[in-house]
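Observations on chain architecture
Here are the chains, one letter per residue:
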Amino acid sequence: MSKEIIPAGQSISIAVLFISGSSLFMGASGESGNSSWIALLLAILLAVPLMLVYSRLHVLFPGKDLYDMLIAVFGAVLGRMLSCLYIWYALHLGSLVLRNFGEFSKTVALTATPMIAPMLVIGLLCVWVVGAGMEVLGRSSKFLLLFSLMVIVFIELLSVPKYEYHHLKPLLDSGWGLVLRDTAGSFTFPFAEIVIFLGAFNVLPAKGSARRVLLSGTLIAGMIIIVVTLRNLLVLGPDILSSLYFPSYVAVSRINIGDFLTRIEGSSAIIFVTALFIKASLCLYVTCNGVSKVFKLKSYRSVVLQMGLIMVYLSGFIYKDIMEMQYFAYHIYKVYALPFQVVIPVMLWITAEILSRRKSSKSI
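The rules we used
- Residues numbered from 1 in each chain as written.
- Predicted model: local features only at pLDDT ≥ 70, side-chain atom pairs only at ≥ 80, totals over all residues.
- Heavy atoms only, no water.
- Core = buried A, V, L, I, M, F, W, Y, C linked by side-chain atoms within 4.5 Å.
- Buried < 20%, exposed > 50% of the residue type's maximum accessible area, 1.4 Å probe, protein only.
- Helix = DSSP H or I, 4+ residues; strand = E, 2+ residues; numbered from the N terminus.
- Contact = heavy atoms within 4.5 Å.
- Phe/Tyr/Trp six-rings, centres within 6.5 Å; stacked < 30°, edge-to-face > 60°.
- Lys NZ or Arg CZ within 6 Å of the ring centre and 35° of its normal.
- Salt bridge = Lys/Arg side-chain N within 4 Å of Asp/Glu carboxyl O.
- Polar contact = N/O pair within 3.5 Å; in protein donor to acceptor, adjacent residues only side chain to side chain.
- Axes fitted to C-alpha atoms, helices over the stretch in contact; angles between N-to-C directions.
- Parallel < 35°, antiparallel > 145°, perpendicular 65-115°, else oblique.
- Left-handed = near helix turned anticlockwise from the far one by under 90°.
- Expected span 1.5 Å × (residues − 1).
- Arc of directions from axis to C-beta.

Take the nonpolar core next. Soluble, globular proteins show a tendency: their nonpolar side chains are buried together. Grouped together as the largest cluster of nonpolar side chains are 114 residues, with contacts concentrated most on Met134, Ile194, Leu282 and Leu284. The dominant element in this core, judged by the number of residues it contributes, is helix α4 (residues 66-109), at 18 residues. In this structure Ile194 touches Ala15, Phe18, Ile19, Met51, Tyr54 and Leu214, once residues within four positions along its chain are discounted. In terms of nonpolar packing, the next biggest core, distinct from the first, is built from seven residues, Tyr163, Leu233, Val235 and Ala251 among them.

Any pair of aromatic rings gets described here by the distance separating the centres and the angle formed by the planes. If you walk through the whole model with that rule in mind, you get 17 aromatic pairs. Residues Phe104 and Tyr249 carry aromatic rings whose centres are separated by 5.6 Å and whose planes lie at 75° to one another, so their mutual orientation is edge-to-face. One end of the pair, Phe104, is in helix α4; the other, Tyr249, is in helix α10 (residues 247-253), and 145 residues separate them in sequence. Its relative accessible area of 3% is what places Phe104 among the buried residues. Plain terms: the ring middles of Phe328 and Tyr333 are 6.1 Å apart, the flat faces sit at 65° to each other, and that makes the pair edge-to-face. By the burial criterion, Phe328 is buried, and Tyr333 matches it. Grouped by ring-pair contacts, the aromatic residues Tyr86, Tyr89, Phe189, Tyr319, Phe328, Tyr333, Tyr336 and Phe340 constitute a single cluster. The side chain of Lys279 reaches across the aromatic face of Phe18, ending 5.3 Å from its centre.

This brings us to the pattern of salt bridges. Scanning the entire structure with this criterion turns up six salt bridges. A salt bridge links Asp65 to Lys293; its shortest N-O distance comes to 2.4 Å. On the criterion of sequence distance, the pair formed by Asp65 in the loop between α3 (36-60) and α4 and Lys293 in helix α11 (residues 265-294) is long-range, its members being 228 residues apart. The residues Asp65 and Lys293 share a single accessibility class, namely buried. For Lys279, the salt bridge is made with Glu193, and the minimal N-O distance between the two is 2.6 Å. Taken together, the residues span a long stretch of sequence, with Lys279 in helix α11 and Glu193 in the loop between α7 (176-188) and α8 (209-236) at a distance of 86 residues. Salt bridges sharing partners connect three or more residues here, namely Asp65, Asp68 and Lys293.

Turning our attention to the side chain of Gln341. Secondary-structure assignment places Gln341 in helix α14 (residues 338-363). Looking at Gln341, its side chain comes within polar contact range of the main-chain oxygen of Thr188, at 3.0 Å. Discounting residues that sit within four places of it in the chain, Gln341 has contacts with Leu50, Tyr54, Tyr89, Thr188, Ala192, Glu193, Val195 and Tyr333.

If you trace the backbone, Ser141 turns up in helix α6 (residues 134-159). According to the relative accessible area criterion, Ser141 is buried, its value standing at 0%.

Contact geometry of α6 with α8 gives a least axis separation of 11 Å together with a crossing angle of 25°. By the angle class used here, α6 and α8 are roughly parallel. Considering only the axes of α6 and α8, their crossing is left-handed. Taken together, the residues of α8 that come into contact with α6 (itself represented by Leu149, Ile152, Ile155, Glu156 and Ser159) are Ile224, Val227, Val228, Arg231 and Val235.

Let us look at helix α12 (residues 304-317). For α12, spanning 14 residues, the distance from its first C-alpha to its last is 21 Å, which sits close to the expected 20 Å at 1.5 Å a residue. Restricting attention to buried positions, one finds in α12 the residues Val304, Met307, Gly308, Met311, Val312, Leu314 and Ser315. End-on, the buried residues of α12 take up no more than an arc of 165°, which puts them together on one face. Buried residues along α12 sit in contact with α4, α5 (116-132) and α11.

What follows is the structure, given as C-alpha cells:
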C-alpha cells in the first residue's frame, strides 16, 4: 500500500483548490438572489462542525484512510460494501467535475471541438499525476494555489470600477426560506464534498494535521468563493446572475480599463482549469485507493489508468445537456450527496467513539 506522506501545507492547498473547484465558475446555489452571500456564510458555519467530525476520525484512526476505517468499524463485509459506495461517489464526482469542464469548453471556449476531447486531455493529465504519486499532486497544488490567488486578487482589483452596489439592496428581499435552501445547497456543494479527502487520510503526517488541513481549507476556500460571488453579484446583478451557466466568465469579460486592458476572461478560465484538475485528480486517487483496499491489491497505481478512462467515459454521458447538469448540481445533488457527506461519516464517528471507549474501559 502507499506510504506517501505529504506536509500539512500542501494538503491545505489541495483542500482549498478541491473545495473552490467547480464553484469558481458555476457559482454557488443562487436562488436567494442578492442574499446568496449570506447563504454561503451559513454554509461555512455548518461545515465547520462536520470538519471537526472528519478530523476526529483521523485522531481515532491515525495513519488510516476512510476505507480502512469502514472495514475496521463495520467489519469485512459491511465495511467493504460501504467502501464500494464511496468508490462510486468519488468516481461519480470526478466525472461531474470533468463534465463541468467539458460543458464550459463546448459553450464558451472550444465551441467547434467535440466535448470529449478536452475532457480526455484533463483526464489523462489526472492519470499521469495520480500515477506519479500524491507528493507530486501536493507540490503542484501548493504552486497552483499561489498562482490562483494572485490572479484572483488581480481580477478583483480590476473589477472594482464595474461594481454597482445597489445590486446588494434590498437585503433578504426573497426571505429566509430561499436563503436556507441555498445554504443547504452550498453546504453539500462544495464544502461537504471534502469528505473525499478522508479517502486520502493515509497521506497526512500526524494526528492533529487533519483538523488544521480541513478547517484551514474550508475557511480559505469559503473566503475565495464569497469574494468571487460578491464580485459576480456586484458586476452583473442578481437577475442576470441567475440566468447564466458560467457567471464568473461573463463577469470578468465586463472588465474594460481605458479600452486598453480588455478580454482578460481567459486568465480566469485558467483558474477554473487549475482547480478542476486538482479536484478531479483527488477524486481519481480516492477511487483507485478504494479499489486497491476493497480488492486487496498491492498498489493503487495498478488501476489508475483504467479508472481514469472510466471516469472520462462516464463524464461523456452522465448528462444530456448543460441544463440537466445545472439542475442536478443545484437541486438533486444536495439530496444525493447527503448520505455520503454526513450520514455515513457521523455513524462511523459515533460507532468508533463507542468502540474506543469500550476498549479503554477494558484496558483499565
